[in-house]
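Architecture at a glance
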Amino acid sequence: NDTDKWIDTLSSMRVLPMGPLSIAETRVVLAASLHLIPWFRLWRGIQLPIFQVLGEPDSGKSYFANFWRGMLTGRPSLDQITKEPRDFYSMIVNAPALLVLDNLNNVPREVRGIVNDTIAKLVTDPDPHIDNRLLFKDINQIGRWRVDCTFALTAISMPFTTNDLVQRSLIMHMQAIP
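Description of the structure in this document. Just so we're clear, the structure is a prediction, and the values are computed from it rather than from any experiment.

Before going further, it helps to examine the overall build of the protein. The number of helices and strands found in the protein is six helices and six strands. N-terminal to C-terminal, the α/β element order of the protein is α-α-β-α-α-β-α-β-β-β-α-β. The buried share among the 178 residues of the protein stands at 40%. Of the contacts made within the protein by residues no fewer than 6 positions apart, 68% connect residues no fewer than 24 positions apart. For the protein, the exposed surface amounts to about 9500 Å²; the carbon and sulfur share of it is 54%.

Spelled out as structure tokens, the structure:
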């Protein structure tokens, strides 16, 4: 089954145990979560989850996130943050069930604030959506787009420390591959 495939994949990586769990128990929890998180989005009022993959350089964070998105959506690719908020909003609205924001420690501070505030708003909103002007020249027309994705973040250290994001996060720590 799919959970066994995830456990096999996680067994080949250097994943650190979660709290009091053994490494085997951690792999089972992660395998179930990786398989189910996108399917639970907005199910019976569940808020959008965040999956954070943190680890040292060369630990395989980006490779793992790319693999995960490929398994779930058939589109193995990662998303990079741009300096323009409208591009970021478009990226969120068009994400295929999983938005993977890669290398968030390299994002400039002012852009990181926009990303933090946007994701915090979306994961706490019972009806996650983005409101934005339809055209640059007409400020009277506002469009509303529903957000229907979960979020995965890769970084060396935790990029966001706000309670809204940390409380809704499943955090996976990885060690460098020797």
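Let us now look at helix 4 (residues 85-93). Looking at helix 4, one finds that the buried residues are Phe88, Met91 and Ile92. All buried residues of helix 4 lie within an arc of 100 degrees about the axis, which places them on one face of the element. Elements in contact with the buried residues of helix 4: strand 2 (98-101), helix 5 (109-124), strand 3 (129-133) and strand 5 (150-155).

For the rest of this paragraph, the subject is the packing of helix 4 against helix 5. Taken N-terminus to C-terminus, the directions of helix 4 and helix 5 make an angle of 35 degrees; their axes are 11 Å apart at the nearest point. As helix 4 packs across helix 5, the resulting crossing turns out to be right-handed. Taking contact as the criterion, the partners of Pro85, Phe88, Tyr89 and Ile92 in helix 4 are, on helix 5, Ile114, Val115, Thr118, Ile119 and Leu122. For the contact of helix 4 with helix 5, the residue count by class is eight nonpolar, one polar and no charged.

It is worth spelling out the sheet that holds strand 5 at this point. Judged by pairing direction, the sheet is parallel, and its four strands sit side by side in the order 2-5-1-6 without closing on themselves. The open sheet has two free edges, formed respectively by strand 2 and strand 6 (169-174), since each of these has just one partner strand. For this sheet the average axis-to-axis angle between neighbouring strands, irrespective of direction, equals 15 degrees. For strand 1 (residues 50-55) and strand 6, the ladder comprises six bridges, and the chain directions are parallel.

Quick look at the pairing of strand 1 now. With respect to burial, strand 1 is a largely interior element, six of its six residues being buried. Here strand 1 shows no split at all, with Ile50, Gln52 and Leu54 on one side and Phe51, Val53 and Gly55 on the other all buried. Across five bridges, strand 1 lies against strand 5 in parallel orientation. Paired with Val53 across the two strands is Thr154, which belongs to strand 5.

So, about unusual backbone geometry. With the exception of glycine, most residues fall at negative phi, and the peptide bonds are largely trans. Unlike most non-glycine residues, Asp58 shows phi in positive territory, near 65 degrees. Taking relative accessible area as the criterion, Asp58 reaches 66% and is therefore assigned exposed. We note that Asn103 has phi near 55 degrees; this positive angle belongs to a residue other than glycine. Here Asn103 shows up in the loop between strand 2 and helix 5.

Below, the discussion takes up the nonpolar core. Formed by 26 residues in total, the largest nonpolar core has its most connected members in Ile92, Leu101, Ile119 and Phe151. Contributions of two or more residues to this core are made by strand 1, helix 4, strand 2, helix 5 and strand 5. For Leu101, the contacting residues outside a window of four places in its chain are Asp79, Ile81, Phe88, Met91, Val115, Ile119, Ala152, Leu153 and Thr154. One finds Trp6, Ala31, Leu34 and Val53 within the second-largest nonpolar core, a separate group that totals 18 residues.

Residue placement: Val115 occurs in helix 5. The class for Val115 is buried, based on a relative accessible area of 1%. Each C-alpha atom, one on Val115 and one on Pro85, is 8.4 Å from the other, the two residues being 30 residues apart in sequence. What Val115 contacts, discounting residues up to four positions off in sequence, is Ile81, Phe88, Leu101 and Phe160.

Rules of the game
Residues numbered from 1 in each chain as written. Predicted model: local features only at pLDDT ≥ 70, side-chain atom pairs only at ≥ 80, totals over all residues. Heavy atoms only, no water. Helix = DSSP H or I, 4+ residues; strand = E, 2+ residues; numbered from the N terminus. Buried < 20%, exposed > 50% of the residue type's maximum accessible area, 1.4 Å probe, protein only. Contact = heavy atoms within 4.5 Å. Areas by Shrake-Rupley, 256 points an atom, 1.4 Å probe, with all protein chains shown as cover. Arc of directions from axis to C-beta. Axes fitted to C-alpha atoms, helices over the stretch in contact; angles between N-to-C directions. Left-handed = near helix turned anticlockwise from the far one by under 90°. Nonpolar A, V, L, I, M, F, W, Y, C, P; charged D, E, K, R; others polar. Pairing = 2+ DSSP bridges. Core = buried A, V, L, I, M, F, W, Y, C linked by side-chain atoms within 4.5 Å.

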